[in-house]
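A closer look at the structure
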Amino acid sequence: MISIRNVSKWYGSFRVLTGCSTEVRKGEVVVVCGPSGSGKSTLIKCVNALEPFQEGEILVDGVSVGDTKTDLPKLRARVGMVFQHFELFPHMTVAQNLTLAQVKVLGRSPQAALEKGVKLLERVGLLAHRDKYPGQLSGGQQQRVAIARALSMDPIAMLFDEPTSALDPEMINEVLDVMVELAEEGMTMMVVTHEMGFARKVADRVIFMDGGTIVEDAHKDAFFAAPQSDRARLFLSKILHH
Amino acid sequence: MGGYHWNWGVFFQQVPSGGATYLDWFVQGVEWTLLVSAAGWAIALALGALLGVLRTVPSRALRGFAAAYVELFRNIPLLVQLFLWYFVVPELLPKALGDAIKGSPPLAQQFVAATLCLGLFTAARVCEQVRAGIESIARGQRAAGLALGLTLPQTYRFVLLPMAFRIILPPLTSEALNIIKNSSVVSTIGLIELSRQAQQLVDYSAQPYEAFIAVTIAYLVINAVVMYAMRWLEHRTRIPGYLVAAK
C-alpha cells in the first residue's frame with residue numbers, strides 16, 4: 001500500500017533523511033518511533049507530500065508521490081492524516097469540520113456528507129458535540145474529531161503524526177482506544193508515536209529511527225524482545241522504565 | 001476670544017453664489033470624504049487581501065512581487081503618490097488615452113486619481129496585516145487543509161483566510177480610520193472634501209471657529225461610527241471558545 005524506497009531529504013545542506021526504505025502492506029499497522037529529531041515526523045509527512053523529498057521514491061497504492069505529474073490533492077484525499085496539534089478548523093463547528101472536504105473535494109452532497117459525519121461522530125462518541133466549536137472541546141475530544149474528519153474521506157490508509165503527544169495524560173487513552181479499534185478493523189496505519197503500549201497491542205511492525213535513518217524495521221515481538229541495535233535498546237530502556 | 005461674534009446660524013445662510021446654504025457645502029464635504037474613503041477602502045481591502053495571500057504562497061516569484069509592491073507603495077509619501085497619479089500618470093499613458101483622461105470632467109479626474117491613490121497606498125498596509133494574520137496560523141492549518149485533499153486556493157479560501165481576517169480585525173480597523181484621515185490630502189488636487197470645505201467655509205462665511213468645530217466633529221463622528229461598526233463585526237464573527245480563550 002505504501003512503499004518508501006531509498007528516500008533522502010535535505011533542508012538546505014542539512015540532511016534530515018538518509019536512504020529510508022520500508023513497506024506498509026494493506027491492513028498493516030506500522031509504528032514509527034525514535035528520539036526527537038530522528039526524522040520520523042518528516043518521513044510520515046513525505047508520504048502525503050506535505051514535505052518534499054529530493055531523492056528516492058514513495059508509492060501510495062501504486063501512485064508516485066514525488067512525481068510532478070501526480071495530482072496531489074487527489075492522492076492526499078485518499079490518505080487520512082492526524083496531527084499532533086489536532087489542526088481542526090477553529091472557525092467551523094465540529095460538523096462543518098467533518099463535511100468541508102467531503103463536499104469540496106469528493107463532491108458529496110451536503111446531506112450525504114453530514115450523514116457520514118454524524119455516523120463517524122457517533123463512532124468516536126462525540127455526536128452530542130456536533131454543533132460545538134473546536135475551542136469548546138478538550139484536547140482528547142478534538143483529536144477524536146480530527147480522526148473522524150480524516151475517516152470521513154474513506155481513506156485507504158491513515159497517517160498519525162504523534163497523535164497523543166500534545167494531550168494531557170488522562171486524555172491519551174480515549175484517543176488510543178479509537179485508534180486500536182481502527183487497527184482491529186483492518187485499517188492500514190502508519191503511526192509515529194511513543195506509546196509503546198499501543199505498539200505492543202496492535203502494531204504488526206515497529207520501525208525505529210535515529211539520525212534520519214531507519215535503524216530497525218522488525219516484527220513488534222522481535223523488536224520488543226530483542227532490539228538489534230544499541231541505540232534502539234537504549235531508547236526502549238529510557239521510555240519503558242520510568 | 002472676547003471680540004469674536006459667534007453665529008451658529010451661519011450654516012443656514014445662503015452662500016455668496018446663491019442656490020445653497022453653508023450647510024449644503026458642509027454636507028457635500030462629508031459626502032466626498034465618505035465617497036473617496038469608501039471607494040479607496042474597497043480597493044485596499046480587495047487588493048490587500050490578494051497581495052497578502054501572495055506574500056505567503058510557496059512560489060518565490062509571487063512572494064517577491066507582493067513584497068516589491070509593499071516596499072514601493074509604503075516608502076513613497078502619500079502626497080507624492082497623489083501628485084504622480086493626478087499629474088504624471090496621464091502623461092505617461094499612450095497619447096490617446098492620456099488625452100481622453102485630460103478631456104474628461106475635472107471632478108471625475110480628481111475622484112479617480114484620489115481613489116486609486118488612497119486604495120493602492122492602503123493596500124500595501126492591508127497586505128502586511130493579512131500576511132501577518134495568515135502567518136500566525138499557517139503552518140499546521142495549511143497542512144491540515146492540504147492533507148484533506150483541498151487545493152491550495154481552497155485551503156486559503158475555506159481555512160486560512162476566514163481565520164486570518166478574524167485575527168486582524170483590530171489592526172484593520174486602524175487602517176480604515178487611517179484612510180478616512182488620509183483622504184484629506186486629496187484636497188491638494190482640488191477635490192473639495194471635508195477638510196478643504198472647512199477652509200472654504202472660513203473664506204466665505206468669515207466664521208472660522210464654527211467652521212472648524214463643525215468639521216472636527218464630523219471627522220470624529222465618522223470615525224466613531226466606523227470604529228463601532230468594526231467592533232460589532234468583531235463581536236459578530238467571534239468564535240465560541242476560541243478568541244475569548246486566547247485573549
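The coordinates are above.
What this report covers is the structure whose coordinates are included nearby.

Conventions and cut-offs
Residues numbered from 1 in each chain as written. Chains lettered and ligands numbered in written order. Predicted model: local features only at pLDDT ≥ 70, side-chain atom pairs only at ≥ 80, totals over all residues. Heavy atoms only, no water. Phe/Tyr/Trp six-rings, centres within 6.5 Å; stacked < 30°, edge-to-face > 60°. Helix = DSSP H or I, 4+ residues; strand = E, 2+ residues; numbered from the N terminus. Buried < 20%, exposed > 50% of the residue type's maximum accessible area, 1.4 Å probe, protein only. Lys NZ or Arg CZ within 6 Å of the ring centre and 35° of its normal. Contact = heavy atoms within 4.5 Å. Buried area = accessible area lost by both parts, 1.4 Å probe. Polar contact = N/O pair within 3.5 Å; in protein donor to acceptor, adjacent residues only side chain to side chain. Nonpolar A, V, L, I, M, F, W, Y, C, P; charged D, E, K, R; others polar. Pairing = 2+ DSSP bridges. Axes fitted to C-alpha atoms, helices over the stretch in contact; angles between N-to-C directions. Patch = residues over 30% accessible without salt bridge, like charges linked within 9 Å, V, L, I, M, F, W, Y side chains within 5 Å. Areas by Shrake-Rupley, 256 points an atom, 1.4 Å probe, with all protein chains shown as cover. Salt bridge = Lys/Arg side-chain N within 4 Å of Asp/Glu carboxyl O. Core = buried A, V, L, I, M, F, W, Y, C linked by side-chain atoms within 4.5 Å. Parallel < 35°, antiparallel > 145°, perpendicular 65-115°, else oblique. Left-handed = near helix turned anticlockwise from the far one by under 90°.

Notes on the packing of aromatic side chains
As enumerated under the stated definition, the model contains 14 aromatic pairs over all chains in all. Aromatic side chains Phe 223 of chain A and Phe 224 of chain A sit 5.5 Å apart centroid to centroid with 75° between the ring planes, which places their arrangement in the edge-to-face category. Seen in terms of ring centroids, Phe 11 of chain B and Phe 26 of chain B are 6.1 Å apart; in terms of plane orientation they differ by 65°. Their pairing is edge-to-face. Here Phe 11 of chain B is found in the segment before α1 (22-54), whereas its partner Phe 26 of chain B is found in helix α1, with 15 residues between them in sequence. Comparing Phe 11 of chain B with Phe 26 of chain B, the two get one shared label, buried. An aromatic cluster is built from Tyr 4, Trp 6, Trp 8, Phe 11, Phe 26 and Tyr 209 of chain B, whose rings are joined through pairwise contacts. Above the plane of the ring of Phe 224 of chain A lies Arg 200 of chain A, whose end atom (NZ or CZ) is 4.4 Å from the centre.

Considering the interface of chain B and chain A
Taken together, the contacts link 22 residues of chain B with 24 residues of chain A. Carbon and sulfur atoms make up 71% of the area that chain B and chain A hide from each other, which totals about 1,900 Å². Three residues stand out in chain B for area buried against chain A, namely Ala 147, Leu 148 and Phe 158 of chain B, and they jointly supply 31% of the buried area on that side. At the boundary of chain B with chain A, the tally comes to four residue pairs in polar contact (both at pLDDT 80 or more). The set of elements that each furnish at least two residues to the side of chain B that touches chain A consists of α5 (106-147) and α6 (152-167) of chain B. If you tally residues by element for the side of chain B that touches chain A, the top one is α5 of chain B, at eight residues. Grouping the amino acids of the side of chain B that touches chain A by side-chain chemistry returns 13 nonpolar, seven polar and two charged.

Focus: the sheet that holds strand β6 (residues 79-82) of chain A
Residue and element names in this part refer to chain A. Across the sheet, six strands lie side by side as β6-β7-β8-β3-β9-β10; this open sheet has mixed pairing. Two strands bound the open sheet, and with one partner strand each, they are β6 and β10 (213-219). The sheet shows a mean angle of 15° between the axes of neighbouring strands, taken without regard to direction. Sheet topology note: the strand β7 (residues 157-161)/strand β8 (residues 189-192) ladder contains four bridges and is parallel.

Digging into a nonpolar patch on the surface
A cluster of nonpolar side chains, namely Trp 6, Trp 8, Tyr 209, Ile 213, Ile 217, Val 221 and Val 225 of chain B, defines an oily patch on the protein surface of about 650 Å² accessible area. Residue placement: Trp 6 of chain B occurs in the segment before α1.

Remarks on the nonpolar core
One finds Met 190 of chain A together with Ile 134 of chain B to be the most contacted residues of the largest nonpolar core, which totals 95 residues. For this core, the element with the most residues is α5 of chain B, which contributes 14 residues. Discounting chain neighbours no more than four positions away, the residues touching Ile 134 of chain B are Gly 52, Val 53, Thr 56, Tyr 156, Leu 160, Leu 161 and Ala 164 of chain B.

As for the packing of α5 of chain B against helix α7 (residues 169-182) of chain B
Geometrically, a packed helix pair is captured by the angle between its two axes and the distance between the axes. Residues and elements named next belong to chain B. Here α5 crosses α7 at 165°, and the two axes come no closer than 10 Å. Between α5 and α7, the angle falls in the class roughly antiparallel. In the packing of α5 onto α7, the handedness of the crossing is right-handed. Across from Leu 118, Phe 121, Thr 122, Arg 125, Val 126 and Gln 129 in α5, the residues of α7 making contact are Pro 171, Leu 172, Glu 175, Asn 178, Ile 179 and Asn 182. Class assignment of the residues belonging to the contact of α5 with α7 gives a composition of six nonpolar, four polar and two charged.

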